Amino acid sequence: MDAPERDETRDAILDCLGSFPDRPDPAVETVSVAAADGFERRLLEYAVEPGERIRAYLLVPDDIDGERPGILAIHPHAGEFDVGKSDPAGLSETEPYHYGAELCRRGYVVCCPDLLAFEDRRPSERERAAGTAPAGANYEKFVAMDRLLRGSSLQTKYLSDLVATLDVLAAHDLVASEALGAIGHSLGGQEAAWLSWFDNRIDAAVVSSGVARLAAVQRERITHNFALYVPDLLTVGDTDDVLADVAPSSLLVTHGTDDRIFPPESVRDLADVVSEAYADAGAPKRFETLFFEGGHEFPTEVRESAYDWLDQQLER
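Reading the values: rules and limits
- Residues numbered from 1 in each chain as written.
- Predicted model: local features only at pLDDT ≥ 70, side-chain atom pairs only at ≥ 80, totals over all residues.
- Heavy atoms only, no water.
- Salt bridge = Lys/Arg side-chain N within 4 Å of Asp/Glu carboxyl O.
- Helix = DSSP H or I, 4+ residues; strand = E, 2+ residues; numbered from the N terminus.
- Buried < 20%, exposed > 50% of the residue type's maximum accessible area, 1.4 Å probe, protein only.
- Pairing = 2+ DSSP bridges.
- Axes fitted to C-alpha atoms, helices over the stretch in contact; angles between N-to-C directions.
- Polar contact = N/O pair within 3.5 Å; in protein donor to acceptor, adjacent residues only side chain to side chain.
- UniProt positions renumbered as here; feature names shortened; annotations may be inferred.
- Contact = heavy atoms within 4.5 Å.
- Core = buried A, V, L, I, M, F, W, Y, C linked by side-chain atoms within 4.5 Å.
- Expected span 1.5 Å × (residues − 1).
- Phe/Tyr/Trp six-rings, centres within 6.5 Å; stacked < 30°, edge-to-face > 60°.

- If you look the chain up in an unreviewed UniProt entry, it shows as Dienelactone hydrolase domain-containing protein from Haloterrigena salina JCM 13891.

This is the structure in C-alpha cells:
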C-alpha cells in the first residue's frame, strides 16, 4: 500500500472511531507518595474530560539524576475489574503483570493509569453493593454501549484518556519528552498498539499478546473486550492496517504460539503486512516480532527481551 492509500485508510479508521471527548488542562495533583523497592510510587489525579478526573501511579526511580525516558504501562483485562493500574505498578498478586515496576527499576519514569471500568474507575462500592449501578463486565458493557449511542466507541474513550495521560507523563520535569514508550499485555497491548498509531509521540511500543486480524477473530468466533469493536472497522481495513501505519516508530509484537484469544497464524500474517510497510517506510529494523512457546501470557524471559529492546530503541 503506497502513502496516499495509507493516508486514506487512516482517515477512514479515524471516521470509524467517531467523536472524541474534549480534553481540558490536566491540572495534575499528587494524592500520595510511597516508597517501594527501588522506586517511589506517586498517586496522581488529573482531568481527562471536563468534570472527569482519574488516577494513575507515577513510578520514579530512586537514583534518578536528570531526565529519563518515559513509559506508559497499560494494564491487562483478565476479567479482573478490581485491578487496573495496580497490576503494572507492582501492587497486585500477578507478578507477570508488574512490567511497569520492573521497567522503573531499570531506570524509566513510568505512568500506570486505570482504563475506564477498572479499579478506581468503577461505580462506588456503595453503588455496587446496593445494585444501583452495574458492576464488573456489566459496567464495561454499559460504558461501551453508551459511547456507541453517542457516536463514539470505548476504544475512542481509551485513546482519548491515554493521550491525556501521555500529556501528563511528557510534561513531567523528570521525563525526556523526546523519548516516550508504551507497553501493555492483552488489553494493555491492544491499547499500546492503538496509541502508537494515534499519537506519534510514542517512539517505541511493546505489544504483548494484544493484536490479531479481526477478521480471523470473528471467523473463529472469539469474544473479546468491548474496546476491540470499533464500528465499521472491518469495512475499511483491519488491525494490520493500524499497525502498518505506526511506521516508522519502533514496534515490538510478542505472541505465544498457543494463544487461544488472538489466533497465532493470524498474527504471523499480520506481521508480514506490517514488515512490508516498515520496509517501504525505510525502517525495516524498527519492527520486530517475538513468538514464543506458550499461551496468552507475558513470561519472564519474554519481558526481559522486551525491556532490552526498549533500552535499545529509547537509548537507555
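Don't stop here, the text continues.
### So, the pattern of salt bridges
Line of reasoning, step 1. The tally for this structure, following the rule as stated, stands at 25 salt bridges.
Line of reasoning, step 2. Linking Arg201 and Asp167 is a salt bridge whose minimum nitrogen-to-oxygen distance equals 2.8 Å. Within this pair, whereas Arg201 is found in the loop between α6 (187-198) and β7 (202-208), its partner Asp167 is found in helix α5 (residues 154-171), the two being separated by 34 residues in sequence.
Line of reasoning, step 3. Note on Arg201: relative accessible area 27%, which makes it partly exposed.
Line of reasoning, step 4. One salt-bridge network, in which partners are shared between bridges, spans Glu49, Glu52, Arg121, Lys157 and Asp161.

### Focus on the sheet that holds strand β6 (residues 175-185)
Line of reasoning, step 1. Pairing is mixed in the open sheet, where nine strands are placed in the order β1-β2-β3-β5-β4-β6-β7-β8-β9. Across the chains shown, the open sheet's two edge strands, defined by having one partner strand only, are β1 (29-35) and β9 (287-292). The sheet shows a mean angle of 20 degrees between the axes of neighbouring strands, taken without regard to direction.
Line of reasoning, step 2. In this sheet, β7 lies alongside β6 in parallel orientation, the contact comprising six bridges.

### Focus on the side chain of Ser196
Line of reasoning, step 1. Tracing the sequence through the fold places Ser196 in helix α6.
Line of reasoning, step 2. Of note is the side chain of Ser196, whose polar atom sits 2.8 Å from the backbone oxygen of Ala193.

### Some thoughts on the pairing of strand β3 (residues 52-61)
Line of reasoning, step 1. Within β3, eight of the 10 residues are buried, which leaves the element mostly enclosed by the surrounding structure.
Line of reasoning, step 2. Sheet topology places strand β2 (residues 39-49) next to β3; 10 bridges connect them, and they run antiparallel. Bridged to Arg42 within β3 is Leu58.
Line of reasoning, step 3. In sequence, β2 turns back onto β3 through a hairpin of two residues, with Gly51 there showing a positive phi of about 85 degrees.
Line of reasoning, step 4. Pairing of β3 with strand β5 (residues 109-113), which is carried by four bridges, proceeds in the antiparallel orientation.

### Concerning the UniProt feature "domain: Dienelactone hydrolase" (unreviewed entry) in the chain
Line of reasoning, step 1. Residues annotated by UniProt as "domain: Dienelactone hydrolase" (unreviewed entry) correspond here to residues 99-304.
Line of reasoning, step 2. Between the C-alpha atoms that bound residues 99-304 there is a distance of 10 Å. The span itself is 46% helix and 17% strand.

### What about the side chain of Asp114?
Line of reasoning, step 1. Relative to the assigned elements, Asp114 resides in the loop between β5 and α3 (125-130).
Line of reasoning, step 2. Looking at Asp114, its side chain comes within polar contact range of the main-chain nitrogen of Asp120, at 3.2 Å.
Line of reasoning, step 3. Residue contacts for Asp114: discarding those within four places in its chain leaves Ile54, Arg55, His75, Gly84, Lys85, Glu119, Asp120 and Arg121.

### As for the nonpolar core
Line of reasoning, step 1. Grouped together as the largest cluster of nonpolar side chains are 68 residues, with contacts concentrated most on Tyr158, Leu169, Trp194, Leu243, Leu251, Val253 and Tyr278.
Line of reasoning, step 2. With 10 residues, α5 is the largest single contributor of residues to this core.
Line of reasoning, step 3. If we ignore the near neighbours within four places in the chain, the residues touching Val253 are Val207, Val211, Leu243, Val267, Phe287, Glu288, Thr289 and Leu290.
Line of reasoning, step 4. If you look at the next biggest cluster of nonpolar residues, it comprises 29 residues, including Leu59, Ala89, Tyr99 and Val206.

### Description of α5
Line of reasoning, step 1. With 18 residues, α5 should reach 26 Å at 1.5 Å per residue; the first-to-last C-alpha distance of 26 Å fits that figure.
Line of reasoning, step 2. Counting buried residues in α5 gives 16 out of 18 residues, a clear majority hidden from the surface.

### A look at the packing of aromatic side chains
Line of reasoning, step 1. What the rule picks out here adds up to seven aromatic pairs.
Line of reasoning, step 2. An angle of 25 degrees between the planes, with centres 6.3 Å apart, marks the rings of Tyr139 and Phe142 as stacked. Of this pair, Tyr139 and Phe142 both sit in helix α4 (residues 137-149), three residues apart, which is roughly one turn of the helix.
Line of reasoning, step 3. With a relative accessible area of 47%, Phe142 lands in the partly exposed category.
Line of reasoning, step 4. Between Trp194 and Trp197 the ring centres are 5.4 Å apart and the planes differ by 85 degrees, which places this aromatic pair in the edge-to-face class. In this pair, Trp194 and Trp197 are both assigned in helix α6, three residues apart and thus about one turn of the helix distant.
Line of reasoning, step 5. Of the aromatic side chains, those joined through ring pairs into one cluster are Phe20, Trp194, Trp197 and Phe198.

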